[in-house]
Amino acid sequence: MKPHDEKDTHPASQRPDTDDDGLIRLQKLLAQSGVASRRKCEELMLEGAVEVDGEVVTRLGTKVDPRTAVIRVEGRRLPPISASVYLVLNKPRGVVSTMSDPEGRRHLGDPVADRPERLFHVGRLDTDTSGLIILTNDGDFAQRLAHPSFEIEKTYVAEVEGQLHKGIVKQLLAGVTLDDGPVAVSRARVVEGSHGRTSRDRTIIELVIHEGRNRIVRRLPEHVGHPVTMLTRTQIGPISLGKLGVGEMRELTITELGELMDTAEL
């Protein structure tokens, strides 16, 4: 498969060019999905690099159902071509995590107002938190990805008050019990710590957690004496903001979507 980059976009608006029986030749599907040219896809099959439903397929001309077949190329999941849309938005601060708002506030529906699909947001971010959020019209995908049982890691970068020392980081990693129960922190590290030009010090810390309880990422530093002054979600599982600017949007790549589908067992 192509390397993980911005060109590796999932052709969500396409539909596979199937035969009358609803099936399609495997190498043709791989080519339509953007894996490589038809000839290169045939070479990958002959090399034993393509699996369908857990079995290596080397016979050229093998037909598959593009709606249900679980296909892997060199171990990587290839998501099906479909009419579904999978978008990544860098949500600005001040935008509420709803697709509409009766109070007239800025909401997630604003940047996609010109799209014909009925989109859902996967999970949510507080109004005063910026960063990565996924929008899709695939309801099953959205529900599965947001379900706590799959424990998808989410990475946040927080600016907090005061100098946050190594002992506090260790305390966070050891686990913190809030008023609604314990919280496990997968990773924590100080990204930046400096004496500000104002009257207060500040520290920038990166936190990785699985949970999505209400305002949990803000409550963690506050619990150890360092209230959050600014918060951004930078990553969900394999999906990273990268160079995506505030308010900007892009499609998930083929690699990202495949990894998320594996995580959500779709």
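Residues numbered from 1 in each chain as written. Predicted model: local features only at pLDDT ≥ 70, side-chain atom pairs only at ≥ 80, totals over all residues. Heavy atoms only, no water.

Asks: Describe helix H3 (residues 139–146), and please don't skip the residues or the numbers.
Replies: Burial in H3 covers these residues: Phe141, Ala142 and Leu145. Each buried residue of H3 lies within a common arc of 100 degrees when the element is viewed along its axis, so the set occupies one face. Set apart from the buried face of H3 by more than 90 degrees, the exposed residues are Asp140 and Gln143. In this fold, the buried residues of H3 make contact with strand E7 (86–91), strand E8 (120–122), strand E9 (130–136) and helix H6 (254–263). Capping of H3 at its N-terminal end is provided by Asp138; its side-chain oxygen lies 3.4 Å from the backbone amide nitrogen of Asp140. (Buried < 20%, exposed > 50% of the residue type's maximum accessible area, 1.4 Å probe, protein only. Helix = DSSP H or I, 4+ residues; strand = E, 2+ residues; numbered from the N terminus. Arc of directions from axis to C-beta. Contact = heavy atoms within 4.5 Å. Polar contact = N/O pair within 3.5 Å; in protein donor to acceptor, adjacent residues only side chain to side chain.)

Asks: Break down the packing of aromatic side chains for me, citing the residues and quoting the values.
Replies: Applying the stated criterion across every chain yields a total of one aromatic pair. Ring centres of Tyr86 and Phe141 lie 5.0 Å apart, and the angle between their planes is 75 degrees; this geometry places the pair in the edge-to-face category. Of this pair, Tyr86 sits in strand E7 while Phe141 sits in helix H3, and the two are 55 residues apart along the sequence. Like Phe141, Tyr86 is buried. (Phe/Tyr/Trp six-rings, centres within 6.5 Å; stacked < 30°, edge-to-face > 60°.)

Asks: Mind laying out unusual backbone geometry, listing which residues take part and the relevant values?
Replies: Here the phi dihedral of Asp53 falls at roughly 50 degrees; this positive angle occurs in a residue that is not glycine. Mapped onto the secondary structure, Asp53 falls in the loop between strand E2 (50–52) and strand E3 (55–56). Its identity is not glycine, yet Glu74 carries a phi of approximately 55 degrees, on the positive side. By the secondary structure assignment, Glu74 is in the loop between strand E5 (71–73) and strand E6 (76–78). According to the relative accessible area criterion, Glu74 is exposed, its value standing at 51%.

Asks: So what about the sheet that holds E5? Which residues, and what values?
Replies: Read across the sheet, four strands follow the order E3-E2-E5-E6 without closing on themselves; strand pairing throughout is antiparallel. Each edge of the sheet is formed by a strand with only one pairing partner; in this case those strands are E3 and E6. Two strands pair when backbone bridges link them, and E2 and E5 are joined in this way by three bridges, in the antiparallel orientation. Each bridged residue has a counterpart across the sheet, and for Val50 the counterpart in E5 is Val73. Across the sheet, H6 is in contact with E5 and E6; its angle to E6 comes to roughly 100 degrees. (Pairing = 2+ DSSP bridges. Axes fitted to C-alpha atoms, helices over the stretch in contact; angles between N-to-C directions.)

Asks: Could you give an account of empty space enclosed by the protein, naming the residues involved and the relevant values?
Replies: In total, this model carries one cavity of 30 Å³ or more according to the counting rule given. Each pocket or cavity is described by its volume, and for the largest cavity that value is around 40 Å³. As for the largest cavity, its lining consists of Leu29, Ser33, Pro66, Ala69, Ile71, Leu78, Pro79, Pro80 and Ile81. Of the residues assigned to the lining of the largest cavity, the class counts are eight nonpolar, one polar and no charged. (1 Å grid on protein atoms, 1.4 Å probe; cavity = no way out; pocket = protein on both sides within 12 Å on 5 of 7 lines; lining within 4 Å. Points joined across faces, edges and corners; volume = space filled by probe spheres on them. Nonpolar A, V, L, I, M, F, W, Y, C, P; charged D, E, K, R; others polar.)

From the geometry alone we can't say anything about function, so treat these as descriptive.
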